[in-house]
Amino acid sequence: MELMFNDMHAQVDMTQYIKDCVDVPRIIKGCQGCKNYAKLWSCPPFGFDPVKIWRDYSKLTLYARKISFPKELTEKTFDAYGLTAQYFEIWNKERRKFFIELMEREQSTPGSLMLAAGCCDECATGARANGVPCIKPDRLRYSIESLGGDVEKTLELYFNERLLWGREGHMPEYMLLVGGLMQK
């Protein structure tokens, strides 16, 4: 099975990005339905105002990776469990690679902060809920959505892309990973 990759990036003025795509109350409300809400240190709710983090930086370089699936996957019919398992097997593997690449960009860009695609998975799920401190605070990174950024709008405005979802036992044509690098 061969996946196809298309990497994209866009540079955005932070003030404009905040105006166009950051809506903390609405996005965080959507986070409340996630199994990681209040369980991971990278997920809301936070003891700080996420908008402050956005405002600490002057520009944002957005990175998106479009991963297209071969027809052998998109034409195959899965039961609900199989579809979820197949999708998340690819998602987790590719998201991990993307995280490492973005972290390398951050390390080579002084004064920057990386935004991960999805939640940080450096520690066990539930550690926060059980009162266990973050075991890798130097690697803890937030995602665009955990800080109130609208990933769907980001994809539409800056990459002319849209999120696709699987339907009726079929994989979507592609998945998208979106992260970024905030710079002073």
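Data block above holds the structure.
Because the structure is a prediction, the values reported are computed rather than measured.

(A) Main features of the nonpolar core. Within the largest apolar cluster, 33 residues are counted, with the highest numbers of intra-cluster contacts made by Met14, Tyr17, Trp54, Leu60, Ile144 and Met182. Contributing elements (two or more residues each) for this core: strand S1 (4–13), helix H1 (14–21), helix H2 (24–31), helix H3 (50–55), strand S2 (59–68), helix H6 (151–159) and strand S4 (174–183). Residues in contact with isoleucine 144, not counting those within four places in the same chain, are Tyr17, Trp54, Leu62, Leu115, Ala116, Gly149, Asp150, Val151, Val178 and Gly179. In this structure, Leu73, Ala117, Met171 and Leu181 belong to the second largest nonpolar core, which totals 21 residues.

(B) Just the environment of alanine 127, in detail. For alanine 127, the location among the structural elements is in the loop between strand S3 (113–115) and H6. Residue class for alanine 127 comes out buried when judged on its relative accessible area of 12%. The spatial distance from the C-alpha of alanine 127 to the C-alpha of lysine 35 is 13 Å, given a sequence separation of 92 residues. In contact with alanine 127, other than residues within four places in its own chain, are Lys39 and Val132.

(C) Structural detail: the side chain of glutamate 94. Counting through the fold element by element, glutamate 94 comes out in helix H5 (residues 80–107). Ignoring any residue separated from it by four or fewer positions in sequence, one finds glutamate 94 in contact with Leu3, Phe5, Ile67 and Leu177.

(D) Expanded view of the pattern of salt bridges. Taken as a whole and judged by the stated rule, the model has eight salt bridges. Here glutamate 101 makes a salt bridge to arginine 65, at a shortest N to O gap of 2.4 Å. With glutamate 101 in helix H5 and arginine 65 in strand S2, this residue pair connects regions lying 36 residues apart in the sequence. By relative accessible area, which is 30% here, glutamate 101 ends up partly exposed.

(E) Quick look at the packing of aromatic side chains. In the structure shown here, the tally under the stated rule is seven aromatic pairs. With 5.4 Å between their ring centres and 80 degrees between their planes, tyrosine 87 and phenylalanine 88 make a pair best called edge-to-face. Note on phenylalanine 88: relative accessible area 39%, which makes it partly exposed. One aromatic cluster is present, built from ring pairs that chain together Tyr17, Trp54 and Tyr158.

(F) Local environment of the sheet that holds S3. One open sheet holds the four strands; their spatial order is S1-S2-S4-S3, and the pairing between them is antiparallel. For this open sheet the edge positions go to S1 and S3, each flanked by a neighbour on one side alone. For this sheet, the mean angle separating the axes of adjacent strands, direction not counted, is 15 degrees. Pairing analysis gives ten bridges linking S1 to S2, with the strands arranged antiparallel. By the bridge assignment, histidine 9 is partnered in S2 with tyrosine 63. The sheet strands contacting H1 are S1, S2 and S4, and the helix crosses S1 at an angle near 110 degrees. This element, H6, spans S1, S2 and S4 of the sheet and lies at about 95 degrees to S2.

(G) Focus on the pairing of S4. Burial analysis of S4 places ten of its ten residues in the buried class, which makes it a mostly covered element. Across the two faces of S4 the burial is the same, with Tyr174, Leu176, Val178, Gly180 and Met182 and Met175, Leu177, Gly179, Leu181 and Gln183 all buried.

(H) Highlighting the environment of aspartate 13. Structurally, aspartate 13 can be placed in strand S1. With relative accessibility at 44%, the residue aspartate 13 sits in the partly exposed group. Of the polar contacts made by the side chain of aspartate 13, one reaches the backbone nitrogen of threonine 15; its length is 3.1 Å.

The rules behind these values
- Residues numbered from 1 in each chain as written.
- Predicted model: local features only at pLDDT ≥ 70, side-chain atom pairs only at ≥ 80, totals over all residues.
- Heavy atoms only, no water.
- Core = buried A, V, L, I, M, F, W, Y, C linked by side-chain atoms within 4.5 Å.
- Buried < 20%, exposed > 50% of the residue type's maximum accessible area, 1.4 Å probe, protein only.
- Helix = DSSP H or I, 4+ residues; strand = E, 2+ residues; numbered from the N terminus.
- Contact = heavy atoms within 4.5 Å.
- Salt bridge = Lys/Arg side-chain N within 4 Å of Asp/Glu carboxyl O.
- Phe/Tyr/Trp six-rings, centres within 6.5 Å; stacked < 30°, edge-to-face > 60°.
- Pairing = 2+ DSSP bridges.
- Axes fitted to C-alpha atoms, helices over the stretch in contact; angles between N-to-C directions.
- Polar contact = N/O pair within 3.5 Å; in protein donor to acceptor, adjacent residues only side chain to side chain.

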